[in-house]
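# Results of the structural survey
Here is how the chains run, residue by residue.
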Amino acid sequence: MNPEGFARGAAASVTGKNGYVSFLRFFPEQRQAVEQNAMWRAMTDSAAGVVLRFRTDGSRITLRCRPHNVLKLFLPVAKQVRPADKKQAKENMKRMFGGGNHGHAKVDGIDFLLDGRLIKSVLPRRTTLRFSFPNPQHRLHEVQISLPLIVGCGFAGLRSNGSLEPAAERPQILCLGDSITQGFVAGWPSKCYTALLADALNADVLNQGIGGHIFHPESLNGLEQLPFRPACITVAYGTNDWHDCASVDTIRTNASAYLARLHGLFPETPVYVISPLWRADCGQLPAHGAPLSVIRQILQQEVQKYGHMTLIDGDTLIDHRTELFEDGFLHPNRQGFAQMTKRLLAVIRLPGAEKGSSGPQ
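Okay, so let's go over this structure. Since the structure is predicted, the reported quantities are computational estimates derived from the model, not experimental observations.

## Topic: the overall build of the protein
Each helix and strand in the protein was counted, giving 10 helices and 16 strands. In the protein, which comprises 361 residues, the proportion classed as buried is 54%. A separation of at least 24 residues holds for 80% of the contacts in the protein among residues at least 6 apart in sequence. Carbon together with sulfur atoms contributes 51% to the accessible area of the protein, which is approximately 15700 Å² in total.

## Some details on empty space enclosed by the protein
For the structure on display, the rule yields three cavities of 30 Å³ or more. For the largest cavity, the calculated volume is near 140 Å³. Lining the largest cavity are 18 residues, with Gly-49, Val-51, Gln-144, Ala-195 and Val-205 sitting closest to its centre. Elements that contribute at least two residues to the lining of the largest cavity include exactly strand S9 (141-146), helix H6 (193-200) and strand S13 (204-209). Considering each element in turn, the lining of the largest cavity owes the most residues, four residues, to H6. Roughly 90 Å³ of internal volume is contained in the second largest cavity.

## Overview of the packing of helix H8 (residues 248-265) against helix H9 (residues 293-303)
Running from amino to carboxyl end, H8 crosses H9 at an angle of 35°, the nearest separation of the two axes being 10 Å. The chirality of how H8 crosses H9 is right-handed. Taken together, the residues of H9 that come into contact with H8 (itself represented by Val-248, Ile-251, Arg-252, Ala-255, Ser-256 and Leu-259) are Val-294, Ile-295, Ile-298, Leu-299, Gln-301, Glu-302 and Val-303. Counted by class, the contact of H8 with H9 contains nine nonpolar, two polar and two charged residues.

## Digging into H8
In this model, H8 (18 residues) spans 26 Å end to end at C-alpha, consistent with the 26 Å of a helix rising 1.5 Å per residue. Within H8 the residues assigned to the buried category are Val-248, Ile-251, Asn-254, Ala-255, Tyr-258, Leu-259, Leu-262 and Leu-265. Taken down its axis, H8 places every buried residue within 130° of arc, on the same side. For H8, the exposed residues set more than 90 degrees away from the buried face come down to Asp-249, Thr-253 and Gly-264. Buried positions along H8 lie against strand S12 (172-177), strand S14 (232-236), helix H7 (239-244), strand S15 (271-274), H9 and strand S16 (309-312).

## With respect to the packing of H6 against helix H10 (residues 334-344)
With their axes 9 Å apart at the nearest point, H6 and H10 run at an angle of 45° to one another. Comparing the axis directions of H6 and H10 gives the class oblique. The two elements H6 and H10 meet at a crossing, and its hand is right-handed. Residues Tyr-193, Leu-196 and Leu-197 of H6 lie in contact with H10, whose contacting residues are Phe-337, Ala-338, Met-340, Thr-341 and Leu-344. Of the residues in the contact of H6 with H10, the class split is seven nonpolar, one polar and no charged.

## Focus: the nonpolar core
Judged by nonpolar contacts, the single largest core of 82 residues is most densely connected at Ile-173, Leu-176, Val-235, Val-273 and Leu-344. The contacts of Ile-173, once residues within four sequence positions are left out, are Leu-197, Ala-198, Ala-203, Asp-204, Val-205, Leu-206, Ala-231, Cys-232 and Leu-350. Counting residues in hydrophobic clusters, the runner-up holds 25 residues, among them Val-21, Phe-54, Phe-112 and Leu-114.

What counts, and where the lines are drawn
- Residues numbered from 1 in each chain as written.
- Predicted model: local features only at pLDDT ≥ 70, side-chain atom pairs only at ≥ 80, totals over all residues.
- Heavy atoms only, no water.
- Helix = DSSP H or I, 4+ residues; strand = E, 2+ residues; numbered from the N terminus.
- Buried < 20%, exposed > 50% of the residue type's maximum accessible area, 1.4 Å probe, protein only.
- Contact = heavy atoms within 4.5 Å.
- Areas by Shrake-Rupley, 256 points an atom, 1.4 Å probe, with all protein chains shown as cover.
- 1 Å grid on protein atoms, 1.4 Å probe; cavity = no way out; pocket = protein on both sides within 12 Å on 5 of 7 lines; lining within 4 Å.
- Points joined across faces, edges and corners; volume = space filled by probe spheres on them.
- Axes fitted to C-alpha atoms, helices over the stretch in contact; angles between N-to-C directions.
- Left-handed = near helix turned anticlockwise from the far one by under 90°.
- Nonpolar A, V, L, I, M, F, W, Y, C, P; charged D, E, K, R; others polar.
- Expected span 1.5 Å × (residues − 1).
- Arc of directions from axis to C-beta.
- Parallel < 35°, antiparallel > 145°, perpendicular 65-115°, else oblique.
- Core = buried A, V, L, I, M, F, W, Y, C linked by side-chain atoms within 4.5 Å.

Written as structure tokens, this is what we have:
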């Protein structure tokens, strides 16, 4: 069966000549806006946040998976790195993909959840995924397959040895941000903060996190095509702006224009703007010489212009301990994301909707 009808958290989908469906998180105008940057372009290829959610009275599920051409996507990224930055880029890649704080190399996966509980996680590779569970009385269960955070894949042939019907619709939230929002390098797509937040709020999420991204107003082009009004929106940029932008004035200009554009698109939707998380290298000032805290000051000034926006201090969301970060300095691990989500839930609410749970388990 075509998995398209069971997908949640996708802006669109495309079916290849081989019959495999790839799920898209961005509209064409958004993808065009990030074409200039090879990293951004590569990161938009994944289906981060997209889930296949359905009900079945069976006990065996199969789904064919075919990853996209990773070399084709990431070779331009390597070519874009300036010679002077190659050493730093290699060190960053090693920290992100070289084993992490827990000694494993699982930076991406496909998760299988049964009635909200994680049962199995596998690496995204060209294979037929098989999930089974005891169900001798053929009771109706809700199954969720969380798709990879980083590696783009096509999927086909969703099958069950029992019934197969879409799960109930839920409110939808829109999450905008950089690699931390995308889920780097959580390894388990159901355990990054956007997924945990959505489950706790009994919602589905359109995850538009892009690795390496900054406040980039043009990346909002096309969002007026959303087929739903988000119950709420989260915005989490600033760490790359601080590290990569040439000046504080540039950061301020970009953030101001971005939030103004977002306000124009969603003037009444609750928006939660998350300032940068703590990072272990925040004492190493970038070329502009300003501390990371300057981003929060900028966002505080910008957010107060809009009555529907709330600023959340990212510095307080995760304890300042390297063991809560998978790469030891920037990207949270499962424990870090769980702590972050619990603290976000002390602030974030869905209008007119009850939360599904008190937070990540």
